[in-house]
Amino acid sequence: MPPAIELSKLTKTYGSRRGLIDLTLDVQPGEVFGYLGPNGAGKSTTIRLLLNLIRPSSGSARVLGLDPAADAVALHRRLGYLAGDFVVDGRQRAGECLTFLGNLRGAVPADRILELADRLELDLTARIKSLSKGNRQKVGLVQAFMHRPDLLILDEPTSGLDPLVQQTFLELVAEAREEGQTVFMSSHVMSEVEAVADRVAIIREGRLVALDTIGDLRARSYLRVRITFAEPVRAAEFTALPGVRDLAVQGCLLDCRLDGSPDALLKAAARHTVTGLRADTPDLEELFHGYYSGHPSRRETADVA
Ligand SMILES: Nc1ncnc2c1ncn2[C@@H]1O[C@H](COP(=O)(O)OP(=O)(O)OP(=O)(O)O)[C@@H](O)[C@H]1O
């Protein structure tokens, strides 16, 4: 089976402005892939290129083994797409709109629309223009999931959703994966990507800066260590230890980041009486900000070919 998404040196410039630069990545069938980046990083540009809504300046994209431009009709039948700015005719009722879109996609059973609307607590009788942003987003989610497409491409899918509905969304993504569907979702919300994605890519200023499994991202991350001693200690004892950085010592309290093995730090600490020890891994959000801010030591590990 070909990759669900295969991008090779994909580049898009808008006049002199960069949109996306040399993006090479694969998304495998059945994978949930999180696509992270701050505002303006190039996430929507990537998604528009996948859907042939814009054309690349150079490089290529293949989606479900097909060419997004030449095979657009065949491809769109197999895709579920939620745009970042999902817009439909506001005069229609939500149910009418979804039935119409369901028929376009080849007779989606009415029960399927009802089931999704029920789970997302969407009122199908409401006119779309009367719906809040979050409820309109639910219409967008139902239309993306309802025909059980091979590939779901979701641009900021949870924007405007309250936490309970976000949870339902995560369940829908997990179910889609169980059924063998592939999900490519962009997000600012690290916690949702962390909860559901197999792999994440992080883009910054149009370039890929990290691509990894959630597990490996964590493994390559650091520990935030706090040690409390019975008596004051001197920073000089710890500052040059392997892996220790951002060290702060105040009286009996030591605070630092630790890369790699904790052995040297623990042995140095054990020369004193230790009354407390805390070591936390950063959540994905913290890691992400490390990549984004371009901390030199993070970039070393973050940069991928
Ligand atoms: N139609 C356009 N004309 C000119 N520049 C554009 C156009 N669309 C996007 N850009 C520029 O390309 C870059 C990437 O934008 P893009 O919308 O892909 O980012 P994004 O990661 O989706 O951000 P956001 O989370 O804010 O939607 C930005 O610098 C943006 O200003």
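Per an unreviewed UniProt entry, the protein carries the name ABC-2 type transport system ATP-binding protein and comes from Micromonospora viridifaciens.

Draft legend 1. Molecular detail of the overall build of the protein. When helices and strands are counted, the protein shows eleven helices and 13 strands. Seen through its principal axes, the protein has C-alpha atoms that stretch 75 × 40 × 35 Å. Taking all 305 residues of the protein together, the buried fraction comes to 36%. Within the protein, residue pairs in contact and separated by at least 24 positions form 69% of the contacts whose partners lie at least 6 positions apart.

Draft legend 2. Highlighting the pairing of strand β10 (residues 223–229). Across six bridges, β10 lies against strand β12 (residues 253–258) in antiparallel orientation. Bridging across to β12, arginine 226 finds its partner in aspartate 255.

Draft legend 3. Quick look at the site of the ligand. Around the ligand, the surrounding shell consists of Tyr14, Arg17, Gly19, Gly37, Asn39, Gly40, Ala41, Gly42, Lys43, Ser44, Thr45 and Gly84. Considered class by class, the residues forming the shell around the ligand number two nonpolar, eight polar and two charged.

Draft legend 4. Representation of the domain arrangement of the protein. What the domain assignment reports for the protein is domain 1 (5–78 + 149–217) and domain 2 (222–280). One C-alpha centre belongs to domain 1, the other to domain 2; they are set 40 Å apart.

Draft legend 5. Quick look at the sheet that holds strand β4 (residues 58–63). An order of β2-β1-β4 is seen for the three strands of this open sheet, with the pairing classed as antiparallel. Only two strands of the sheet have a single neighbouring strand rather than two, namely β2 (17–27) and β4. Put simply, the sheet's adjacent strands are angled 20 degrees from each other on average, direction ignored. Bridging between strand β1 (residues 5–14) and β2 involves seven bridges; their strand directions are antiparallel. Counted as the bridge partner of glutamate 6 is aspartate 26 from β2.

About the cut-offs
Residues numbered from 1 in each chain as written. Predicted model: local features only at pLDDT ≥ 70, side-chain atom pairs only at ≥ 80, totals over all residues. Helix = DSSP H or I, 4+ residues; strand = E, 2+ residues; numbered from the N terminus. Buried ≥ 20, exposed ≤ 12 C-beta atoms within 10 Å, placed from the backbone. Contact = placed C-beta atoms within 7 Å. Pairing = 2+ DSSP bridges. Near = placed C-beta within 6 Å. Nonpolar A, V, L, I, M, F, W, Y, C, P; charged D, E, K, R; others polar. Domains from an automatic or database assignment. Axes fitted to C-alpha atoms, helices over the stretch in contact; angles between N-to-C directions.

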